[in-house]
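# Examining the three-dimensional arrangement
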Amino acid sequence: MTDRDLLNMAREAAQNAYVPYSHFPVGAALECADGSVFTGCNVENGALGSTICAERTAIVKAVSEGRRKFVRIAIYGEGENYCMPCGSCRQVMSEFVGQGDMEILCTRSGGRYVSYRLSQLLPHPFEL
Ligand code: THU
């Protein structure tokens, strides 16, 4: 699966975003170690802090289907800036990489994307 394939799946997932408050749809496509892909979108809530990001939607879907090892995630957002994962999503990703790492692809409007390693974006995750 190419980066572009995964990014296209993230873009498709953004179509289901529930965003009556921010009007900012986000989609995510999460590739697991076994090659399976789980998608997600942001799901907002009137109690704004109860909003769930696209990345965490995809991660929770994957874990609830028995996947715990992730290799790559594509994040689609049509903003002026690259759509970077928020701090909570980085921490949740770190839960499932252990001593490993994963790749994070972030888009911005026009389809350009950048690639990071989780270890770059969250060098010192909390670990219990
Ligand atoms: N959002 C995501 O889904 N993922 C991110 O990485 C950043 C922010 C969502 C949350 C909210 O629904 C909207 O974008 C604006 O903050």
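Residues numbered from 1 in each chain as written. Predicted model: local features only at pLDDT ≥ 70, side-chain atom pairs only at ≥ 80, totals over all residues. Heavy atoms only, no water.

## Focus: the sheet that holds strand 5 (residues 113-117)
The strand order 2-1-3-4-5 describes an open sheet built from 5 strands, whose pairing is mixed. Strands at the two margins of the open sheet, each flanked by one partner only, are strand 2 (37-41) and strand 5. Taken over all neighbouring pairs, the strand axes of this sheet differ in orientation by 15° on average, direction set aside. The sheet contact formed by strand 1 (residues 26-32) and strand 3 (residues 70-77) spans 7 bridges and is antiparallel. Directly across from Cys-32, in strand 3, lies its bridge partner Phe-70. Lying over the sheet, helix 2 (residues 54-64) contacts strand 1, strand 2 and strand 3, oriented at roughly 140° with respect to strand 2. (Pairing = 2+ DSSP bridges. Helix = DSSP H or I, 4+ residues; strand = E, 2+ residues; numbered from the N terminus. Axes fitted to C-alpha atoms, helices over the stretch in contact; angles between N-to-C directions. Contact = heavy atoms within 4.5 Å.)

## Thoughts on helix 1 (residues 3-13)
All of the buried residues along helix 1 are Asp-3, Leu-6, Leu-7, Ala-10 and Ala-13. Projected down its long axis, helix 1 shows its buried positions confined to an angular sector of 115°, all on one face. Buried residues in helix 1 make contact with strand 1, strand 2, strand 3, strand 4 (103-107) and strand 5. (Buried < 20%, exposed > 50% of the residue type's maximum accessible area, 1.4 Å probe, protein only. Arc of directions from axis to C-beta.)

## Observations regarding the side chain of Ser-36
On the secondary structure map, Ser-36 appears in the loop between strand 1 and strand 2. With a relative accessible area of 18%, Ser-36 lands in the buried category. At 2.6 Å, the side chain of Ser-36 and the side chain of Asp-34 are in polar contact. Once residues lying within four places of it in the same chain are set aside, the contact partners of Ser-36 are Leu-30, Glu-31 and Arg-67. (Polar contact = N/O pair within 3.5 Å; in protein donor to acceptor, adjacent residues only side chain to side chain.)

## A few points about a nonpolar patch on the surface
Taken together, Tyr-18, Tyr-21, Val-43, Leu-48 and Ile-52 make up a surface patch of nonpolar side chains, about 480 Å² in accessible area. Along the chain, the position of Tyr-21 falls in the loop between helix 1 and strand 1. Since its relative accessible area comes to 45%, Tyr-21 is described here as partly exposed. (Patch = residues over 30% accessible without salt bridge, like charges linked within 9 Å, V, L, I, M, F, W, Y side chains within 5 Å. Areas by Shrake-Rupley, 256 points an atom, 1.4 Å probe, with all protein chains shown as cover. Salt bridge = Lys/Arg side-chain N within 4 Å of Asp/Glu carboxyl O.)

## What about the pairing of strand 5?
Where strand 4 meets strand 5, 5 bridges bridge the pair, whose relative direction is antiparallel. Looking at strand 5, one finds that Ile-104 is bridged to Tyr-116. What sits between strand 4 and strand 5 in their antiparallel hairpin is a turn of 5 residues, with Gly-110 showing a positive phi close to 95°.

## Observations regarding the pattern of salt bridges
Summed over the entire model, instances satisfying the criterion amount to 4 salt bridges. Put simply, Asp-3 and Arg-72 hold a salt bridge, and the shortest N to O gap is 2.6 Å. Here Arg-72 lies in strand 3 and Asp-3 lies in helix 1, a separation of 69 residues in the sequence. The exposure classification of Asp-3 matches that of Arg-72, with both residues buried. The partner of Arg-117 in a salt bridge is Asp-101, and the shortest N-O contact between them spans 3.7 Å. Of this pair, Arg-117 sits in strand 5 while Asp-101 is found in the loop between helix 3 (87-95) and strand 4, placing the two residues 16 residues apart along the sequence.

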